[in-house]
Amino acid sequence: MSDELITDLDIAEIEKAKEQAIAKHMSDIKVMSKLILSINEYIIRFGRTSNIHDQLFDLKAQVVKNRDNLQDWVNKI
């Protein structure tokens, strides 16, 4: 009986830790998504005349890749 109780408590702690990790990383994903939207807005507004257009395009690609990798990792939790 006590073994089952400990196991149930351990499982509850693991689930709680999973939920906390998912919440933290979902917040990170939300920030990355906002950044991508902001970069898109900047690129649309200022276009190729901006001196940082190409750098923003590269940055956007990196952020998209990071966000997608983090999302895949969260899905595996």
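All figures in this text were calculated on a predicted structure; none of them were measured in a lab.

## Here we look at the packing of aromatic side chains
Each aromatic ring pair is summarised here by two numbers: the centre-to-centre distance and the angle between the ring planes. For the structure on display, the rule yields one aromatic pair. Each ring, one from Tyr 42 and one from Phe 46, has its centre 4.6 Å from the other, and the planes form 45 degrees; the classification is tilted. Taken together, the positions of Tyr 42 and Phe 46, both in helix H1 (residues 2-46) and four residues apart, correspond to about one turn of that helix. Note on Phe 46: relative accessible area 40%, which makes it partly exposed. Here the guanidinium or amino end of Lys 60 rests over the ring plane of Phe 57, the centre of that ring lying 5.9 Å away.

## Remarks on the pattern of salt bridges
Overall, the coordinates contain four salt bridges when judged by the stated rule. Between Lys 18 and Glu 15 there is a salt bridge whose closest N-O contact spans 3.7 Å. With Lys 18 and Glu 15 both in helix H1, this residue pair falls three residues apart, about one helical turn. Residue classification places Lys 18 among the partly exposed residues on the basis of a relative accessible area of 31%. Residue class for Glu 15 comes out partly exposed when judged on its relative accessible area of 37%.

## Considering a nonpolar patch on the surface
Together, Ile 22, Met 26, Trp 73 and Ile 77 make up an exposed nonpolar region whose accessible area comes to about 330 Å². Considering the arrangement of structural elements, one finds Ile 77 in the segment after helix H2 (53-76).

## As for the side chain of Ser 50
For Ser 50, the position within the fold is in the loop between H1 and H2. The class of Ser 50 is buried, set by a relative accessible area of 12%. Of the polar contacts made by the side chain of Ser 50, one reaches the side chain of Tyr 42; its length is 3.2 Å.

## Observations regarding the side chain of His 25
Considering the arrangement of structural elements, one finds His 25 in helix H1. Setting aside anything within four residues of it in sequence, one finds His 25 in contact with Leu 70, Trp 73 and Val 74.

## Some points on the environment of Leu 70
Relative to the helices and strands, Leu 70 resides in helix H2. Linking Leu 70 and His 25, residues 45 residues apart in sequence, is a C-alpha distance of 7.4 Å.

## Examining the environment of Gly 47
Turning to its location among the elements, Gly 47 is positioned in the loop between H1 and H2. Those residues in contact with Gly 47 that sit more than four places away from it in its chain are Tyr 42 and His 53.

Thresholds, definitions, all that
Residues numbered from 1 in each chain as written. Predicted model: local features only at pLDDT ≥ 70, side-chain atom pairs only at ≥ 80, totals over all residues. Heavy atoms only, no water. Phe/Tyr/Trp six-rings, centres within 6.5 Å; stacked < 30°, edge-to-face > 60°. Helix = DSSP H or I, 4+ residues; strand = E, 2+ residues; numbered from the N terminus. Buried < 20%, exposed > 50% of the residue type's maximum accessible area, 1.4 Å probe, protein only. Lys NZ or Arg CZ within 6 Å of the ring centre and 35° of its normal. Salt bridge = Lys/Arg side-chain N within 4 Å of Asp/Glu carboxyl O. Patch = residues over 30% accessible without salt bridge, like charges linked within 9 Å, V, L, I, M, F, W, Y side chains within 5 Å. Areas by Shrake-Rupley, 256 points an atom, 1.4 Å probe, with all protein chains shown as cover. Polar contact = N/O pair within 3.5 Å; in protein donor to acceptor, adjacent residues only side chain to side chain. Contact = heavy atoms within 4.5 Å.

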